[in-house]
Amino acid sequence: MHTKTMEGIAGASMSMKLMNTPLRVYKEAERRGDTAVMERAMGYVGDFADKAKEYQKVTEIGMKEDAKEAREKAKTEQENAIRKRREEREELEKRIAESRNGDTDTVSISESGKVALSEKASPDQAGKDSSKFGEEPVDAVKRESVIYTKTGESAGPESGANLSVSV
């Protein structure tokens with residue numbers, strides 16, 4: 001908040017509070033019928049009202065300055081955001097250009113590697129994978145289920161136990 005705005009609000013508030021005293025004097029003088037005191041009290045009320053209006057103008061000026069500063073701040077933040085996005089875009093374009101350059105690593109497969117790959121992909125080798133430590137893979141359908149006990153030992157299925165599930 002701008003200092004002029006704070007000054008205007010505080011001054012107008014104080015002027016309105018100070019205006020209550022001469023207004024009370026005016027009401028008492030009116031009950032008594034003392035017109036001289038009434039005129040003097042109304043003069044004070046008018047002075048305080050004028051001061052409140054002056055402070056109101058100061059407040060309006062301060063609020064305009066606040067709005068102007070807020071617009072300038074928003075504009076600079078927007079410009080900074082645009083500049084940052086441009087920098088990020090330029091950096092991304094540089095990375096893309098670098099990746100397209102010859103500076104990147106390439107992988108090439110030799111003829112013997114291609115032959116080995118084609119032999120591995122032949123239909124008679126479809127179910128085998130020789131890269132797993134020399135073990136032959138076990139067919140998942142032929143494998144029996146294993147149940148483990150609380151101690152971690154495997155226990156085979158009980159013989160003669162029939163299991164039926166109805167859905």
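Residues numbered from 1 in each chain as written. Predicted model: local features only at pLDDT ≥ 70, side-chain atom pairs only at ≥ 80, totals over all residues. Heavy atoms only, no water.

## Re the overall build of the chain
Line of reasoning, step 1. For the chain, the helix and strand inventory stands at three helices and two strands.
Line of reasoning, step 2. Listing each helix as α and each strand as β along the chain from the N terminus yields α-α-α-β-β.
Line of reasoning, step 3. The proportion of buried residues among the 167 residues of the chain is 10%.
Line of reasoning, step 4. Counted over contacts in the chain with a minimum sequence separation of 6, partners at least 24 positions apart contribute 53%.
Line of reasoning, step 5. For the chain, the exposed surface amounts to about 15000 Å²; the carbon and sulfur share of it is 53%. (Helix = DSSP H or I, 4+ residues; strand = E, 2+ residues; numbered from the N terminus. Buried < 20%, exposed > 50% of the residue type's maximum accessible area, 1.4 Å probe, protein only. Contact = heavy atoms within 4.5 Å. Areas by Shrake-Rupley, 256 points an atom, 1.4 Å probe, with all protein chains shown as cover.)

## Points about the packing of helix α1 (residues 3-32) against helix α2 (residues 35-100)
Line of reasoning, step 1. Close contact between α1 and α2 brings their axes to 8 Å; oriented N to C, the two are set at 165°. Judged on the interaxial angle alone, α2 and α1 are roughly antiparallel. For the pair α1 and α2, the sense of crossing is left-handed.
Line of reasoning, step 2. Residues of the contact of α1 with α2, tallied by class, amount to 23 nonpolar, six polar and seven charged. (Axes fitted to C-alpha atoms, helices over the stretch in contact; angles between N-to-C directions. Parallel < 35°, antiparallel > 145°, perpendicular 65-115°, else oblique. Left-handed = near helix turned anticlockwise from the far one by under 90°. Nonpolar A, V, L, I, M, F, W, Y, C, P; charged D, E, K, R; others polar.)

## Comments concerning α1
Line of reasoning, step 1. Its 30 residues place the ends of α1 44 Å apart at the C-alpha level, agreeing with the 44 Å of an ideal helix rising 1.5 Å per residue.
Line of reasoning, step 2. All of the buried residues along α1 are T5, G8, G11, A12, S15, M19, P22 and A29.
Line of reasoning, step 3. Contacts from the buried residues of α1 go to α2.
Line of reasoning, step 4. One or two steps after α1, the chain reaches G33, where phi turns positive at roughly 90°. (Expected span 1.5 Å × (residues − 1).)

## Side note on the pattern of salt bridges
Line of reasoning, step 1. Under the criterion given, the structure shown has four salt bridges.
Line of reasoning, step 2. For the salt bridge of E111 with K114, the shortest nitrogen-to-oxygen distance reads 3.9 Å. With E111 and K114 both in helix α3 (residues 111-120) and three residues apart, the pair spans about one turn of that helix.
Line of reasoning, step 3. Since its relative accessible area comes to 44%, K114 is described here as partly exposed. (Salt bridge = Lys/Arg side-chain N within 4 Å of Asp/Glu carboxyl O.)

## Here we look at the side chain of T59
Line of reasoning, step 1. Note on placement: T59 falls in helix α2.
Line of reasoning, step 2. From its side chain, T59 meets the backbone nitrogen of I9 in a polar contact 3.2 Å long. (Polar contact = N/O pair within 3.5 Å; in protein donor to acceptor, adjacent residues only side chain to side chain.)

## Notes on a nonpolar patch on the surface
Line of reasoning, step 1. Judged by side-chain polarity, M1, M6 and I9 come together as a nonpolar surface patch covering roughly 340 Å² of accessible area.
Line of reasoning, step 2. By the secondary structure assignment, M6 is in helix α1. (Patch = residues over 30% accessible without salt bridge, like charges linked within 9 Å, V, L, I, M, F, W, Y side chains within 5 Å.)

## Comments concerning the side chain of T5
Line of reasoning, step 1. Along the polypeptide, T5 turns up in helix α1.
Line of reasoning, step 2. A polar contact of 3.2 Å, which involves the side chain of T5, links it to the side chain of D66.
Line of reasoning, step 3. Once residues lying within four places of it in the same chain are set aside, the contact partners of T5 are T59, G62, M63 and D66.

## A word on the confidence of the model for the chain
Line of reasoning, step 1. Confidence in the prediction for the chain averages 82 pLDDT; 78% of positions are at 70 or higher.
Line of reasoning, step 2. Predicted confidence in the chain is weakest over strand β2 (residues 154-155), with a mean pLDDT of 78, and strongest over α2, with 92. (pLDDT = per-residue confidence, 0-100.)

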